[in-house]
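# Results of the structural survey
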Amino acid sequence: NTWPEAGRYPSFRLNLAPGQPRDVYVRVRHTTAISLPIRFTSQATHEQRIQIEYMALGMAFGALLLLIAACVAQAWVYRDRIYAWYSLYAGVMTLAVAAYTGVAGHLLWPGWGQWTDASQGVLALLAGAAALLFVRQLTGTPARFRWLDRAIYVSGLAGVGMAGIFLLLSKPVALAMVGGYVGYAAVANTWIAWLSWRRGDVVGLWVLGAYLPLTLAVLMAVLRIFGLLPTSFGTQYAVVLGIALEVPL
C-alpha cells in the first residue's frame, strides 16, 4: 500500500539529470535471508518487461481458468463429483500461483496488505495438502499401499492445519515450515507416482510425468526462499510453468 506505483514488485522512479554522476543508496530489509535482484533501467525498458511478463502469466492463468471452467461444466452436466473436486484442486493451485507471482496482491486483493503478505504461505500449504490428497486418490493408494496411504492422508490434513498455524508464527519460522512442507509434498507425490508406475499402472506414468518437472521447480523455489539460490527468471517462473503443465496433465 505504500509503494509509489502498484505492481507485482516494487519499482521506484529516479529523476536523474543526464550526463552527471550520482550516488544512489538503496537499503533492502527482509525478515529472512534472501537474494533480491535490483535493476536500474529506463522507463521504456521497464514497461516493456512488465508487459511481456503479464502476457506470459496471462497465458498460464488463462489455460488454468479454462480448465477449471471445463471441469465445473462437466461436473454440472454429468453430476460427477470427481470433476467438482478436481476444479477445487485446480482452483487452489491457481490461487497459490497468483499469490506466489504477486498477481493476486496486485489485482485480486490490493488493499489487504497483511493478507497479501500471508497469502503466499497459506495458499502454498493448502496447495501442497490438496496435491497430496489428490494424487493419493488418483493413483489408488488407499487400495494398494495401506501403510503409505495413512501417512499421506495424515500429511494432507496436517497441511490444512499448518495453513492456519502459519498466521500465528513468526515469519522466519513460518517460512521454514512452508518450505519443508511444500518440498515434502512435491517429493512424496513423485514417489507415489513412481511406485504406482512400477506396479504397471498407466496412471502412475502420467502422474510421474506431470509431477517430476513441478517437483524440480518447487525445490528450486524452496532453495530460493532460504537464500540458497539467487532470484532469477528461472527460479521465479519455473513453478508457474510446472503447474501450468501439471494441472492439465
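Residues numbered from 1 in each chain as written. Predicted model: local features only at pLDDT ≥ 70, side-chain atom pairs only at ≥ 80, totals over all residues. Heavy atoms only, no water.

### Observations regarding the overall build of the protein chain
As a reminder of what qualifies: Every helix listed is a DSSP run of H or I at least four residues long, and every strand listed is a run of E at least two residues long, numbered separately from the N terminus. Three labels apply to residues, based on accessible area from a 1.4 Å probe with only protein chains included: buried if under 20% of the type maximum, exposed if over 50%, partly exposed otherwise in between. Note on contacts: a residue pair is in contact if any heavy atoms of the two residues lie within 4.5 Å. To measure how exposed things are, a 1.4 Å probe is used in the Shrake-Rupley method; for residues, cover is taken only from the protein chains shown. In this tally, Lys and Arg are treated as positive and Asp and Glu as negative; His is ignored, and so are the chain termini. Taken as the charge centre is NZ of Lys, CZ of Arg, CG of Asp or CD of Glu, depending on the residue.
For the protein chain, the count of helices and strands is nine helices and zero strands. Listing each helix as α and each strand as β along the protein chain from the N terminus yields α-α-α-α-α-α-α-α-α. C-alpha extents for the protein chain along the principal axes are approximately 70 × 40 × 30 Å. For the protein chain, buried positions account for 38% of its 249 residues. Counting contacts in the protein chain only where the partners sit at least 6 residues apart, residues at least 24 apart contribute 68% of the total. Carbon and sulfur atoms make up 67% of the accessible area of the protein chain, which totals about 15000 Å². Between the centroid of the 17 positive side chains of the protein chain and the centroid of its 9 negative side chains there is a distance of 7 Å.

### Notes on the layout of surface pockets
This is how it is decided: Points on a 1 Å grid, built from protein atoms alone, make a cavity when a 1.4 Å probe fits but cannot get out and make a pocket when they are open with protein on both sides within 12 Å along at least 5 of 7 lines; residues with an atom within 4 Å of a point are the lining residues. Grid points are joined across faces, edges and corners, and a volume is the space filled by probe spheres set on the points.
For the second largest pocket, the calculated volume is near 790 Å³. Contributing to the lining of the second largest pocket are 29 residues, with Trp 85, Tyr 86, Tyr 89, Leu 133 and Phe 134 lying nearest its centre. When residues of the lining of the second largest pocket are traced back to their parent elements, those giving at least two are helix H1 (43-78), helix H2 (81-101), helix H4 (113-138), helix H6 (146-166) and helix H8 (202-225). Considering each element in turn, the lining of the second largest pocket owes the most residues, eight residues, to H4.

### Some words on the side chain of Thr 190
Tracing the backbone shows Thr 190 in helix H7 (residues 171-198). Once you skip the residues sitting within four places of it in the chain, Thr 190 turns out to touch Leu 208, Tyr 211, Leu 212 and Thr 215.

### A word on the pattern of salt bridges
Stated formally: By definition here, a salt bridge exists when the distance from a side-chain nitrogen of Lys or Arg to a carboxyl oxygen of Asp or Glu is within 4 Å.
Inspection of the entire model under this criterion finds five salt bridges. Among the ionic pairs, Arg 13 bridges to Glu 5, the shortest N-O distance being 2.2 Å. Arg 8 is paired through a salt bridge with Glu 53; the nearest N and O atoms lie 2.7 Å apart. Within this pair, whereas Arg 8 is found in the segment before H1, its partner Glu 53 is found in helix H1, the two being separated by 45 residues in sequence. The pair formed by Arg 8 and Glu 53 is uniform in burial state, with each residue classed as buried. Via salt bridges that share partners, Arg 8, Arg 49 and Glu 53 belong to a single interconnected network.

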